[in-house]
Amino acid sequence: MQNQAIPTLLPVYQRADVAFERGEGAWLYDREGRRWLDMMSGIAVTALGHCHPHLVRAVQEQAAKLWHVSNIVRIPELERLADRLVAATFADTCFVCNSGAEALECAIKMARRYWHEQGEPERHRIVTFEGAFHGRTMATVSAAGGKKLIDGFAPLLPGFDIVPWGDHEAFNAAVGPETAAVLIEPIQGEGGVRVVPDECLKGIRLLCDQQGALLILDEVQTGMGRTGTLFYHEQVGIEPDIMPIAKALGGGFPVGACLATARAASGMTAGTHGSTFGGNPLACAVANAVLDVMLEEGFLEGVRERGAQLIGGLEELRRRYPAAIAEVRGRGLMAGIRTEAPNSDWARRLRDHGVVPVTASDNVVRLFPPLTATAEDIAFGLDAVEAVCREVAG
Ligand SMILES: *Cc1c(COP(=O)(O)O)cnc(C)c1O
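Let me begin by describing the structure that accompanies this report. (Residues numbered from 1 in each chain as written. Predicted model: local features only at pLDDT ≥ 70, side-chain atom pairs only at ≥ 80, totals over all residues. Heavy atoms only, no water.)

Looking now at the overall build of the chain. Helix and strand content of the chain: 13 helices and 17 strands. Here the chain has a C-alpha radius of gyration of 21 Å; the compact-globule value for 394 residues is 21 Å, and the two agree. Each of the three principal axes of the chain carries a C-alpha extent, and together these read 65 × 55 × 55 Å. Looking at the chain as a whole, 52% of its 394 residues are labelled buried. Sequence separation of at least 24 residues holds for 72% of the intrachain contacts in the chain that already meet a minimum separation of 6. Accessible surface for the chain amounts to roughly 17900 Å². Of this, 52% is attributable to carbon and sulfur atoms. Of the charged side chains in the chain, 37 are positive and 49 negative, and the gap between their average positions amounts to 3 Å. (Helix = DSSP H or I, 4+ residues; strand = E, 2+ residues; numbered from the N terminus. Rg over C-alpha atoms; globule rule 2.2 N^0.38 Å. Buried < 20%, exposed > 50% of the residue type's maximum accessible area, 1.4 Å probe, protein only. Contact = heavy atoms within 4.5 Å. Areas by Shrake-Rupley, 256 points an atom, 1.4 Å probe, with all protein chains shown as cover. Lys, Arg positive; Asp, Glu negative; His and termini not counted. Charge placed at Lys NZ, Arg CZ, Asp CG, Glu CD.)

The next subject is the sheet that holds strand S13 (residues 325-331). Pairing in this open sheet of 4 strands is antiparallel, and the strands run S13-S14-S17-S16 from one edge to the other. Looking along the sheet, the strands with just one partner apiece sit at the ends: S13 and strand S16 (358-360). On average, each strand axis in the sheet is tilted by 30° relative to the strand beside it, whichever way the strands run. Bridging between S13 and strand S14 (residues 334-339) involves 6 bridges; their strand directions are antiparallel. Bridge assignment links Val328 to a residue of S14, and that residue is Ile337. Across the face of the sheet, helix H11 (residues 299-320) comes into contact with S13, S14 and strand S17 (364-367) while running at roughly 165° to S13. (Pairing = 2+ DSSP bridges. Axes fitted to C-alpha atoms, helices over the stretch in contact; angles between N-to-C directions.)

Now for empty space enclosed by the protein. In the structure shown here, the tally under the stated rule is 1 cavity of 30 Å³ or more. The class makeup of the residues in the lining of the largest cavity is 5 nonpolar, 2 polar and 1 charged. (1 Å grid on protein atoms, 1.4 Å probe; cavity = no way out; pocket = protein on both sides within 12 Å on 5 of 7 lines; lining within 4 Å. Points joined across faces, edges and corners; volume = space filled by probe spheres on them. Nonpolar A, V, L, I, M, F, W, Y, C, P; charged D, E, K, R; others polar.)

Here it is as structure tokens:
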């Protein structure tokens, strides 16, 4: 029976009053046939656009063969995915799950378990950063600590030392003999496309090495080609010990993974972790198909080219309309503009001009087109941003 005090759908989202019926490449269509350029990509998920023929084929073929067995048997599609992720990265091993938060849970457990196995169980604390987003489970909201994430959910999981963004002194003081790991997004996504300077990431890596702490890079949003390299840390020239990923890994199908070095993963023996759905044949077939496309010669180069077009174009608009755009941020096709007017107002205006963006903290509007967007698609997006600049700058 319906209680009138609450909608049938738990009202935890404030949704825009628009619904799409189908998608094709970088475009979304509603039932009346009106179309929008998708510059949210399901929040950095549908990296190959909508209904990419190679992904559609992979889903259809696997759906007709085998969807789910269990991790108590071997899964060839899963083994192939693990081999390919390891071959393409710093990692020696990986665990496959269904979401970003689950990948983070695996990372946190792995770091604690490592020190437990080293005979130093008191070394269980994890240093994190203000403004971070690592997911919505109790451990991941406790790790990020943002007021909106934790309000009313006490008691939180203990063991996180949250340091202010950009406060080097606080960070140096926080990493000590009880620090199991440092956990950071190399570019804060939900936090407003805040890029951690290369020198800071290198300094964090160095301090972890000096103190023996593990470095966990949360590349759930920055990973899988979004910034113009398969993973963002490749551009910085550092490597993590543990790296949770998800979002674009399945191109729209729910898949996550936690990648790690042999050393970091050494405590994760049989029975220490698991997942019913994680690594199922259907999900892995899709993730393998995503990799087929992303690892193709020239794919990431194309992302870098269109990234330069998008961010360069936004910089140009900021110069011409300083009363509209305060700042341009990002790398590759992970672009953000800090707007002068409220970002929600910008999002509504952009939709009116045929573009669907996604907002972030710090009054930022994120512009995350599919990595397969054409130069014409990006130009359409920039025209819409310019139209809004003209409106709000008066
Ligand atoms: C989205 C996101 C997560 C959480 O992923 P879910 O799939 O929503 O659980 C974690 N970390 C970062 C950086 C993210 O952007």
